[in-house]
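# Observations on the model geometry
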Amino acid sequence: MKKKILVDSSCCMMSIENLAEGIEFAKAPLKIMVGDQEFIDDENLDVAKFIDEMYAYPGKTSSACPSPEEYAAHFREADECYVVTIISTLSGSYNAALVAKQMVQEEFPDKKIYVLDSWSAGMQLTLMVQKIHELIASGLPFEEVCRQSDDYAKNHTKLVAVLYSIENLVKNGRVPKIVGMAASLLNLHLIVNVSEDGQIVPIAKSRNKKKGAGIVLQEMESKGYKGGKVIISHCQNPAGVELIKDTISAKYDNVVFKSMETRGLCSYYAERGGLMIGYEIN
């Protein structure tokens, strides 16, 4: 029986470590339009070039989710497929996957397809994917993998982000202009998360990077973090990753860290210097 874990490219991970036999990992890329240029957010994307072009372009930019047919092609290849998508308020990816699920199950009623709206992006998706892989590899039946994955995503993972630039978010209406103007004039960086209604919401601001890292840890603890898994992605900011790691490690000695660079879509939202911190809570 062929099993597949599928994510859209809001998840920055490119592979699953120690992938279990009989499980395939795949990504459905989003596309980002900058003027008349289309950037496909796959393994061939030159992220640095994309970021340069995004900032150089004066107008609005946009993204496009995978089509239902793109999802359906993946679904047809597997007996069981587990899909994790970016939050549905920011993209049509989740709905496209649901449409594809209906299409394919009309053709092949025995195929099992699970579609999870992550209600997030970036490193929180990585935690979800790792958990799904662990559950499948343990031999659990499809329905139980779905049940436990849903519980883990909703109750045991969180995301917080640090944004050093919100130029693109303001330009595209994701953050109010007045917030962007204040951040730019005062040289602030913003600590943000995703609200209950799916909006990117500033929860704190700081001029000092070390103080900002402390605010990040306070936010994590307020959501139930007591040590454990932390996965950080960064947009051209490895020093920021080390600062976050040092801040957390100074208080907790039971931390499991992993870090990676943002790919196209997360670079689009996090922008230069941005950090996206996914973490596990009990």
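## Quick notes on the sheet that holds strand E11 (residues 229-234)
Strand order in this open sheet of six strands is E10-E9-E8-E13-E11-E12, and the pairing throughout is mixed. Of all the strands in the sheet, the pair left with one neighbour each is strand E10 (200-206) and strand E12 (256-261). The sheet shows a mean angle of 20° between the axes of neighbouring strands, taken without regard to direction. Two elements, strand E8 (residues 157-163) and strand E9 (residues 189-194), share three bridges in a ladder whose sense is antiparallel. By the bridge assignment, Ala 161 is partnered in E9 with Val 192. Contacts between helix H4 (residues 123-137) and the sheet are confined to E8, E11, E12 and strand E13 (275-280), with E11 contributing the most and set at about 135° to the helix.

## What about the environment of Ile 191?
Its location among the elements puts Ile 191 in strand E9. It is 7.0 Å that separates the C-alpha atoms of Ile 191 and Val 216, two residues lying 25 residues apart in sequence. Among all residues touching Ile 191, those that are not within four sequence positions of it are Val 160, Ala 161, Val 162, Val 201, Pro 202, Ile 203, Ala 204, Gly 212, Ile 215 and Val 216.

## Re the nonpolar core
Core analysis: the biggest nonpolar cluster contains 58 residues, and Ile 5, Phe 50, Tyr 82, Val 84, Val 129 and Tyr 269 have the highest contact counts within it. Among residues more than four places away in sequence, those in contact with Tyr 82 are Lys 4, Ile 5, Leu 6, Tyr 114, Ile 132, Ile 136, Phe 142, Val 145 and Cys 146. Counting 20 residues, the second-largest nonpolar core is a separate cluster that includes Val 230, Ile 232, Ile 244 and Val 255.

## A look at the pattern of salt bridges
One pass over the full model with this rule turns up 15 salt bridges. A salt bridge links Glu 70 to Lys 31, with the nearest nitrogen and oxygen atoms 3.5 Å apart. Placement of Glu 70 in helix H2 (residues 68-76) and of Lys 31 in strand E3 (residues 31-34) is noted, with a sequence separation of 39 residues between them. Looking at Glu 70, the relative accessible area reads 29%, which means it is partly exposed. Residue Asp 52 is joined to Arg 272 by a salt bridge in which the shortest nitrogen-to-oxygen separation is 2.5 Å. Taken together, the residues span a long stretch of sequence, with Asp 52 in helix H1 (residues 47-56) and Arg 272 in the loop between helix H10 (264-270) and E13 at a distance of 220 residues. Judged by its relative accessible area of 33%, Arg 272 is partly exposed. Salt bridges sharing partners connect three or more residues here, namely Lys 2, Lys 4, Glu 24 and Glu 77.

Each value, and the rule that gives it
- Residues numbered from 1 in each chain as written.
- Predicted model: local features only at pLDDT ≥ 70, side-chain atom pairs only at ≥ 80, totals over all residues.
- Heavy atoms only, no water.
- Pairing = 2+ DSSP bridges.
- Helix = DSSP H or I, 4+ residues; strand = E, 2+ residues; numbered from the N terminus.
- Axes fitted to C-alpha atoms, helices over the stretch in contact; angles between N-to-C directions.
- Contact = heavy atoms within 4.5 Å.
- Core = buried A, V, L, I, M, F, W, Y, C linked by side-chain atoms within 4.5 Å.
- Buried < 20%, exposed > 50% of the residue type's maximum accessible area, 1.4 Å probe, protein only.
- Salt bridge = Lys/Arg side-chain N within 4 Å of Asp/Glu carboxyl O.

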